[in-house]
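Letter by letter, the chains look like this.
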Amino acid sequence: MRKINILILLAVGFSIFASCGKEDDSPPDLPDGGKHITYPIQLYSRLNNSQLFNTDDFAAVIGRIRSSQSYLTILHRIDAVYNLSEIRNPMVSIAEETVKIPVFIWNRYAGTRVEGSGILVGQTIGEMRNIPTSDGCSYFSLPLMANESINMNFASITFENENQLAAGVATIKEKLDDKTVLVGIAGKILQEKLKSAFPENDYPIEIIEGKDEKTNQIIFVITSRKWAVREHKEAPVGADGISCFDLEIEKL
Amino acid sequence: MINHRWSNFYKTTLLILTCFLLAFNKSDAQTGPFHLKVMSFNVCRSGELTGYSVAPFANLIRQYQPDIIALQELDYKTTRNTGIDFTTKLGAALGMFPVFGRTIYYQGGEYGIAVLSRFPFLSVKTEPLPSPAGTKEQRAVLITEIRLPSGRDIRFASTHLDHSTDAIGSVMAGALNNFLLKDNRPTIVGGDFNAQPESGTIANVMQPWNRFCNNDPTAPDNPTKKIDYLFGYPKEKCRTISYQVIAGTGISDHCPIVAEVEFE
């Protein structure tokens with residue numbers, strides 16, 4: 001009987017050991033660097049949920065985009081005005097100056113203003129989608145191609161309040177696949193709820209805070225385990241309170 | 001005297017309440033009729049007649065103030081257009097949201113169709129059209145969904161059909177219908193159909209649509225034949241308020257066409 005118990009214990013122990021070895025969801029060993037492709041992504045924001053530009057002076061941002069080799073640029077809260085007497089669209093102006101393709105993430109209409117963020121990429125797009133998930137909040141997805149196949153499913157979403165977060169979580173989880181790289185913005189007060197909605201064991205999530213204590217938003221990056229945020233750094237752009245966050249995202 | 005005063009009070013209150021309800025009744029805004037000014041314009045080999053400059057196109061379009069524009073024959077960074085992105089440049093000049101849809105790779109860049117909109121796109125997708133034997137070149141339809149300030153969504157598409165034969169044009173228009181007539185969402189398609197009104201492509205295949213335009217010729221610049229169109233769907237739920245062919249612009253071999261339309 002004692003021998004049988006020992007055998008059972010050994011079998012259980014072995015099976016646990018073997019199953020741990022086959023775990024698909026475990027993070028792959030991170031390479032020393034240089035082994036995988038890294039995608040530089042830039043995000044320009046004030047991280048306080050206000051418009052990116054207070055004036056029509058975009059020179060500092062244009063200069064920084066031109067001098068970098070970014071795969072994709074996010075211009076957070078680069079609102080447009082659609083009224084014919086004062087029509088303005090800073091995202092498209094910056095895209096023209098930096099020779100990029102502009103794509104808009106729509107959040108809401110506020111009078112004659114269209115609130116949302118801009119994405120600039122270096123290739124024409126075959127497809128793009130904004131899926132409104134709740135009032136003032138859309139899940140954005142943009143397949144980016146390389147040699148006629150999808151290289152990265154770029155996604156983004158901005159959460160201002162708990163309702164938006166509650167409504168958006170299911171869409172993020174539903175859409176997340178091996179090619180998804182989601183770079184989002186959320187209110188600082190939502191940080192813990194965001195972490196509990198995307199437990200680190202199941203979803204690699206990286207939270208990035210601005211240096212300025214007065215900011216009230218954070219950046220979050222959610223991917224599958226096929227990607228990793230290698231590095232991120234923040235630098236001021238101009239003297240008007242805009243920050244540029246350089247994210248290095250590696251395909252593993 | 002008192003009765004008169006009370007009567008005035010009730011009238012004023014009723015008026016304020018009515019205004020309030022009209023202003024804030026969101027469901028009315030989302031289901032009520034809406035107007036749009038739409039344009040279709042083949043810009044002739046991406047502005048060849050203007051030396052590939054977008055400024056003359058922007059100046060012309062600005063005069064008519066369309067909400068949404070279907071454009072054809074645009075280059076993205078080709079050799080012939082000196083490597084510029086015509087669509088984004090035109091969008092920037094007009095302050096409109098641009099999207100380009102590639103139909104073919106061409107001269108080191110891309111060639112295709114585009115949509116410009118004052119309002120943001122909810123989605124965009126370029127769908128290739130079938131190429132039956134004898135087709136001169138791959139064609140496509142660029143399909144966008146646009147969220148209007150009223151909360152209504154509209155599907156708006158731009159296309160440029162093959163000019164080889166009516167049979168080929170009909171196959172392409174049939175595929176166009178399969179992409180666009182999936183539901184009863186307000187839908188507009190504008191483009192260079194390379195087909196005259198009596199052709200099978202227009203008279204038969206595009207029959208489910210309401211034609212926002214008349215039969216006045218649209219090409220070339222001093223026009224003699226009708227090949228550019230603006231169509232609306234569902235047929236019985238949209239109508240033309242005004243329509244114009246803008247002839248003699250001197251900047252293209254097609255006339256831009258512009259229509260003010262209403263959807264129920």
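In this text, all values refer to a predicted model and were calculated from it rather than measured experimentally. (Residues numbered from 1 in each chain as written. Chains lettered and ligands numbered in written order. Predicted model: local features only at pLDDT ≥ 70, side-chain atom pairs only at ≥ 80, totals over all residues.)

Draft legend 1. The arrangement of the sheet that holds strand β11 (residues 238-245) of chain B in detail. All names here are of chain B. Read from one edge to the other, the open sheet built from six strands follows the order β3-β4-β2-β1-β12-β11, with strand pairing classed as mixed. Edge positions in the sheet fall to β3 (97-106) and β11, since each has one partner strand and no second. On average, each strand axis in the sheet is inclined to that of its neighbour by 20°, with strand direction left out of account. As paired elements, β11 and strand β12 (residues 257-263) share seven bridges and run antiparallel to each other. The residue bridging Y243 from the neighbouring strand is A259, located in β12. Sitting on the sheet, helix α5 (residues 86-94) is in contact with β2 (68-76), β3 and β4 (109-117), with an inclination near 165° to β3. (Pairing = 2+ DSSP bridges. Helix = DSSP H or I, 4+ residues; strand = E, 2+ residues; numbered from the N terminus. Axes fitted to C-alpha atoms, helices over the stretch in contact; angles between N-to-C directions. Contact = placed C-beta atoms within 7 Å.)

Draft legend 2. Geometry of the interface of chain B and chain A. Across the boundary between the two partners, chain B contributes 25 residues, which contact 24 residues of chain A. Elements with a minimum of two residues in the side of chain B that touches chain A: α5, β3 and β5 (121-128) of chain B. Ranked by the residues each element gives to the side of chain B that touches chain A, the list is headed by β5 of chain B, at six residues. Taken together, the residues that form the side of chain B that touches chain A break down as 12 nonpolar, six polar and seven charged. (Nonpolar A, V, L, I, M, F, W, Y, C, P; charged D, E, K, R; others polar.)

Draft legend 3. Seen up close, unusual backbone geometry. Across the junction of A219 of chain B and P220 of chain B, the peptide omega takes the value -5°, indicating a cis bond. If you trace the backbone, P220 of chain B turns up in the loop between β9 (210-211) and β10 (228-233). Cis peptide bonds are those with omega within 30 degrees of zero, and the linkage from Y233 of chain B to P234 of chain B qualifies with 0°. In this structure, P234 of chain B sits in the loop between β10 and β11. The backbone of R77 of chain A sits at a positive phi, close to 55°, despite the residue not being glycine.

Draft legend 4. Geometry of helix α4 (residues 162-175) of chain A. All names here are of chain A. Along its 14 residues, α4 runs 20 Å from first to last C-alpha, staying within 8% of the 20 Å computed at 1.5 Å per residue. G168 marks where α4 bends most, by close to 30°. Residues of α4 that are buried include every one of Q164, L165, G168 and I172, and no others. Where α4 is buried, its residues meet β6 (127-134), β7 (137-146), β9 (158-159), β10 (180-187), α5 (191-197) and β12 (217-223). (Expected span 1.5 Å × (residues − 1). Bend = angle between axes of the 7 residues up to and from the residue. Buried ≥ 20, exposed ≤ 12 C-beta atoms within 10 Å, placed from the backbone.)

Draft legend 5. Molecular detail of the packing of helix α4 (residues 55-64) of chain B against α5 of chain B. Residue and element names in this part refer to chain B. The geometry of α4 relative to α5 is characterised by a closest axis approach of 9 Å and an angle of 45° between their N-to-C directions. Here α4 lies oblique to α5, going by the angle between them. The way α4 lies across α5 gives a crossing that is right-handed. Touching A55, F57, A58, I61 and R62 of α4 are L90, A93 and L94, all from α5. (Parallel < 35°, antiparallel > 145°, perpendicular 65-115°, else oblique. Left-handed = near helix turned anticlockwise from the far one by under 90°.)

Draft legend 6. Structural context of the pairing of strand β14 (residues 242-251) of chain A. All names here are of chain A. Where strand β1 (residues 37-45) lies against β14, nine bridges are found, and the strand directions are antiparallel. Each bridged residue has a counterpart across the sheet, and for T38 the counterpart in β14 is E250. Judged from the 10 bridges that link them, strand β13 (residues 227-237) and β14 form a sheet pairing that is antiparallel. Counted as the bridge partner of A228 is E250 from β14. Between β13 and β14, which follow one another and run antiparallel, lie four residues, and G238 among them has a positive phi close to 70°.

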